Amino acid sequence: MFRSLNRTFRLFILLVGVVVVTAAFNSVGVYAESGTVPETQQNGPEANLKYLFAVFILVWAFFFGYIFFLSRRLKEMKNEVAILKKIISEKE
Amino acid sequence: MSGMKTIFFGGTCILMLITVYLIFMWVPTEQNLGISQRIFYVHVPLGWIGMVSILVVGIASVGHLCTRNNTWDAVAYSAAELGVIFATLILITGAVWAKPVWGVWWSWDPKLTTTLILWFIYVGYLMVRSFSIPGSQGRRYASVVALLGAIDAPIIYMASIWWRTAHPNLNIGPLAEADSDLDGKMYITFFVSLVTFTVFYVYLMLERIQMRKIEDDLDEVHQYVSLT
């Protein structure tokens, strides 16, 4: 169950990445109605976009790392169960 | 449990895609802070979950201290482990946002400082757990640490009211101001993002609690095998 979810999770992250990159090239030109800032003042609508990307990359890297940690721990536990089964069968 | 996990996982996938679309393509750019303000839609939900998580650890620890039931302990441990990840992300995303807005990566702002204390509490809890021998008093000592840590959550929340801070007024929770300065679209995006990360957190909790119970069972079998 977890292994298959893990694979789905990887695909999901890839999909989110594709959406983020696609969106980045098509967006962020819209300003709030309450007041538009001239582009010169903001150095263009893409000013500070790198910080937004950095946040998304870091957040998803952390979540991916955590899922990876969980899947490794699960693998370790499966090995432990196998060893324990062997020990018990030898004792019997 | 497995059906619940599937529902929460599916919900996370759908909601996360909607959230990413809203943040990058739908919500308007804030006039003063520019694009970097969009970090808000990730940073604040992470902060919210970081605070909720320590409360979960605290409540589950009380449950464990009162009943000695290991399920409470599994909940507390899982929430602490997830809490340290979310607390780390609050600090990192906050620093990345602070740089373009304040011009510095870090300042000893009351909200930042109390959040850093929260991070140390989470790490302290997990260290007490990892250094204690299985079956010893470690679980109960850690529960006491969690109870002390839970006090920090309301302090973080109230920091912008009690002290002078660079953080804006409260946008979430019982004391959030009704006349929030958020644009309608901004508020919707923020709310969707908050729900998304909360659903994701619940999914991770379900997954981790189940694993923690298996880890406990394995420890018991190890002890049994070593005794016989």
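Rules of the game
- Residues numbered from 1 in each chain as written.
- Chains lettered and ligands numbered in written order.
- Predicted model: local features only at pLDDT ≥ 70, side-chain atom pairs only at ≥ 80, totals over all residues.
- Heavy atoms only, no water.
- Helix = DSSP H or I, 4+ residues; strand = E, 2+ residues; numbered from the N terminus.
- Contact = heavy atoms within 4.5 Å.
- Buried < 20%, exposed > 50% of the residue type's maximum accessible area, 1.4 Å probe, protein only.
- Areas by Shrake-Rupley, 256 points an atom, 1.4 Å probe, with all protein chains shown as cover.
- Core = buried A, V, L, I, M, F, W, Y, C linked by side-chain atoms within 4.5 Å.
- Expected span 1.5 Å × (residues − 1).
- Arc of directions from axis to C-beta.
- Salt bridge = Lys/Arg side-chain N within 4 Å of Asp/Glu carboxyl O.
- Axes fitted to C-alpha atoms, helices over the stretch in contact; angles between N-to-C directions.
- Parallel < 35°, antiparallel > 145°, perpendicular 65-115°, else oblique.
- Left-handed = near helix turned anticlockwise from the far one by under 90°.
- Nonpolar A, V, L, I, M, F, W, Y, C, P; charged D, E, K, R; others polar.

**Some points on the overall build of chain B**
Alright, step 1. Looking only at helices and strands, chain B has seven helices and zero strands in total.
Alright, step 2. Secondary structure elements of chain B occur, N-terminal to C-terminal, as α-α-α-α-α-α-α.
Alright, step 3. The long-range fraction of contacts in chain B, counting pairs at least 24 apart against all pairs at least 6 apart in sequence, stands at 73%.

**A closer look at the overall build of chain A**
Alright, step 1. Scanning chain A from terminus to terminus reveals three helices and zero strands.
Alright, step 2. Going from the N terminus to the C terminus, chain A shows its helices and strands as α-α-α.
Alright, step 3. Counting the 92 residues in chain A, one finds 39% classified as buried.
Alright, step 4. Total accessible area on chain A is roughly 5,900 Å²; 62% of this is exposed by carbon and sulfur atoms.

**A closer look at unusual backbone geometry**
The bulk of non-glycine residues show a negative phi, and the bulk of peptide bonds are trans.
Alright, step 1. A positive phi angle is found at Arg68(B), which is not glycine, with a value near 60°.
Alright, step 2. Mapping Arg68(B) onto the fold places it in the loop between helix 2 (40-67) and helix 3 (70-102).

**Some thoughts on the nonpolar core**
Alright, step 1. Counting residues in each nonpolar core, the largest one holds 72 residues, and the members touching the most others are Phe56(A), Phe63(A), Val42(B), Leu46(B), Val57(B), Tyr122(B) and Tyr125(B).
Alright, step 2. Elements with a minimum of two residues in this core: helix 3 (49-91) of chain A together with helix 1 (2-26), helix 2, helix 3, helix 4 (110-131), helix 5 (138-150), helix 6 (152-162) and helix 7 (184-227) of chain B.
Alright, step 3. No other element matches helix 3 of chain B, which puts 15 residues into this core.

**Quick notes on helix 5 of chain B**
Residues and elements named next belong to chain B.
Alright, step 1. In this model helix 5 runs 18 Å from its N-terminal to its C-terminal C-alpha over 13 residues, within 8% of the 18 Å that 1.5 Å per residue would give.
Alright, step 2. Turning to helix 5, its buried residues number three or more, namely Gly-138, Ala-142, Ser-143, Ala-146, Gly-149 and Ala-150. Taken end-on, helix 5 shows its buried residues confined to a sector of 135°, consistent with a single buried face. Summarising the geometry of helix 5, the exposed residues directed more than 90 degrees from the buried face are Tyr-141 and Leu-148.
Alright, step 3. In this structure, the buried side of helix 5 is in contact with helix 2, helix 4 and helix 6.

**Digging into the pattern of salt bridges**
Alright, step 1. Summed over all chains, the structure comprises 11 salt bridges over all chains.
Alright, step 2. The salt bridge partner of Glu215(B) is Arg73(A), with a shortest N-O separation of 2.8 Å. A residue pair is termed interchain when its members come from two chains, as with Glu215(B) in helix 7 and Arg73(A) in helix 3. As far as the burial class goes, Glu215(B) and Arg73(A) line up, both buried.
Alright, step 3. Residues Lys5(B) and Glu207(B) are paired through a salt bridge, measuring 2.9 Å at the closest nitrogen-oxygen approach. Here Lys5(B), found in helix 1, pairs with Glu207(B), found in helix 7; they are 202 residues apart in sequence, far enough to count as distant. Across the pair, Glu207(B) and Lys5(B) agree in class, each one buried.

**What about the side chain of Asp73(B)?**
Residue and element names in this part refer to chain B.
Alright, step 1. You can see Asp-73 is positioned in helix 3.
Alright, step 2. Note on Asp-73: relative accessible area 1%, which makes it buried.
Alright, step 3. Apart from residues no more than four positions distant in its own chain, Asp-73 is found in contact with His-64, Tyr-125, Arg-129 and Arg-139.

**Brief notes about the packing of helix 2 of chain B against helix 3 of chain B**
Residue and element names in this part refer to chain B.
Alright, step 1. Where helix 2 meets helix 3, the axes come as close as 7 Å, and the angle between the chain directions of the two elements is 155°. As judged from the angle between their axes, helix 2 and helix 3 are roughly antiparallel. Like other packed secondary-structure pairs, helix 2 and helix 3 cross with a definite hand, here left-handed.
Alright, step 2. Across the contact of helix 2 with helix 3, the residue classes break down as 15 nonpolar, 12 polar and one charged.

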